[in-house]
Amino acid sequence: MNEYFYVPAEHIIDQHIVIDGEEAKHLARVLRKQPGDLIWVVDGNGTAYEAVIRLATLEMVECEILYEHVHHHEPDVDVTLAVAQLKNPSRMDWVIEKGTELGVRTFIPLQTTRTIAKSPKEERWNHIALAAMKQSGRCILPKILPPMSLDIVVANAQQYDMKLIPYERTDHVLFISEALKYRKPPRSVLIVIGPEGGFTNEEILTAEKAEFIQVSLGRRRLRTETAAIIAASWVVGNE
Ligand code: SAH
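Residues numbered from 1 in each chain as written. Predicted model: local features only at pLDDT ≥ 70, side-chain atom pairs only at ≥ 80, totals over all residues. Heavy atoms only, no water.

## A word on the domain arrangement of the protein
In step 1: When cut into domains, the protein gives domain 1 (4–70) and domain 2 (78–237).
In step 2: In this structure, domain 1 and domain 2 have C-alpha centres spaced 33 Å apart.
In step 3: Counting residues at the interface gives eleven residues for domain 1, matched by eight residues for domain 2.
In step 4: It is Tyr4, Tyr6 and Gly44 in domain 1 that bury the most area against domain 2; as a group they hold 61% of the surface buried on that side. (Domains from an automatic or database assignment. Contact = heavy atoms within 4.5 Å. Buried area = accessible area lost by both parts, 1.4 Å probe.)

Encoded structure:
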């Protein structure tokens, strides 16, 4: 498996990539890369590059691009995962890391009736998302939006081809795989996941009016973070 290095798009000009800071140190000091070595670089914006090193110092590594791969390792479907904020912040870290590995493009910390509001940890989450993007060989850095109420998320949901609300209460709801099977593959999917106390009946009704599909993830009651990752994994499928 290749190791991927992150370089912001503005450091990639014409056929040249300039790597500095920690990534340069890692390349030159730890990996002892030399001129002539090939590396993979991702820009977080949708492109991966195969490049050859032309100059390597501890401060700066300069490369020349050989090949460009648009949407390298990205799923076709654009997944947004809105997850009720969790009491224990390390569980949200886990959602961001695993969701990024799976191919989620946008995360929304969600506030619901039964959610305990938490201050967002933007810097920490962005750092986790960046590391997970490189680790998994993706080339899009997921966006982490500021916390939003369920009402706002539902009110802005028309932009998605499909909207799913995993709900554990009803026996007659569709299993998530059935909901995905009966339609042509959606280009964008919004998934909203409730807090440990669950969604209220009113919240479910509001989502239903906005054409969210209630889906089951099985008969067992899953924790919020487990439900989030299982749902995202079904939506991304085997791409
Ligand atoms: N209300 C529940 C627990 C909620 S679990 C209770 O206290 O009894 C947290 C969230 O995960 C739910 O709001 C739902 O979105 C999702 N979830 C958990 N298990 C699920 C399942 N088996 N099917 C669908 N969604 C599930």
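Okay, back to it.
## Some remarks on the site of the ligand
In step 1: Residues in close proximity to the ligand total 19 residues, the closest being Pro166, Glu168, Leu217, Gly218 and Arg220.
In step 2: In this structure, leucine 222 approaches the ligand through a main-chain N or O atom, which is 2.9 Å from a nitrogen atom.
In step 3: Mapped onto the shell around the ligand, the elements with two or more residues apiece are strand 14 (213–216) and helix 7 (224–236).
In step 4: Looking at side-chain class alone, the shell around the ligand contains nine nonpolar, six polar and four charged residues. (Near = heavy atom within 4 Å. Polar contact = N/O pair within 3.5 Å; in protein donor to acceptor, adjacent residues only side chain to side chain. Helix = DSSP H or I, 4+ residues; strand = E, 2+ residues; numbered from the N terminus. Nonpolar A, V, L, I, M, F, W, Y, C, P; charged D, E, K, R; others polar.)

## Details of the sheet that holds strand 5 (residues 47–56)
In step 1: Taken in spatial order, the six strands line up as 1-4-5-6-3-2 in an open sheet, and their pairing is mixed. Two strands close off the open sheet at either side, each with one partner strand: strand 1 (4–6) and strand 2 (12–13).
In step 2: In terms of strand pairing, strand 4 (residues 38–42) meets strand 5 through five bridges, oriented antiparallel. Residue tryptophan 40 lies in a different strand from strand 5, and its bridge partner there is glutamate 50.
In step 3: Set on the sheet, helix 1 (residues 21–30) makes contact with strand 1, strand 3 (16–20), strand 4 and strand 6 (60–70); between it and strand 3 the angle comes to about 95 degrees.
In step 4: Taken strand by strand, helix 3 (residues 122–136) contacts strand 1 and strand 4, and its axis lies near 145 degrees from that of strand 1. (Pairing = 2+ DSSP bridges. Axes fitted to C-alpha atoms, helices over the stretch in contact; angles between N-to-C directions.)

## Some thoughts on helix 1
In step 1: Of the positions making up helix 1, those classed as buried are Glu23, Ala24, Leu27 and Ala28. What you see down the axis of helix 1 is that its buried residues fit within an arc of 115 degrees, all on one side. Turned more than 90 degrees from where helix 1 packs its buried face, Glu22 and Val30 sit exposed.
In step 2: Where helix 1 is buried, its residues meet strand 1, strand 3, strand 4, strand 6 and helix 3. (Buried < 20%, exposed > 50% of the residue type's maximum accessible area, 1.4 Å probe, protein only. Arc of directions from axis to C-beta.)

## Some words on the side chain of serine 216
In step 1: With respect to the helices and strands, serine 216 occurs in strand 14.
In step 2: According to the relative accessible area criterion, serine 216 is buried, its value standing at 14%.
In step 3: Only 2.9 Å separates the side chain of serine 216 from the backbone nitrogen of glycine 218, close enough to count as a polar contact.
In step 4: Each residue touching serine 216, except ones within four places of it in the same chain, is listed here: Tyr167, Val173, Leu174, Phe175 and Ile176.

## Some words on helix 2 (residues 89–102)
In step 1: Here helix 2 spans 20 Å end to end across 14 residues, near enough to the 20 Å set by a 1.5 Å rise per residue.
In step 2: For helix 2, the elements touching its buried residues are strand 7 (78–84), strand 8 (106–111), helix 3, strand 9 (143–144) and helix 7.
In step 3: With its phi angle positive at about 115 degrees, glycine 103 sits one or two positions after the end of helix 2. (Expected span 1.5 Å × (residues − 1).)

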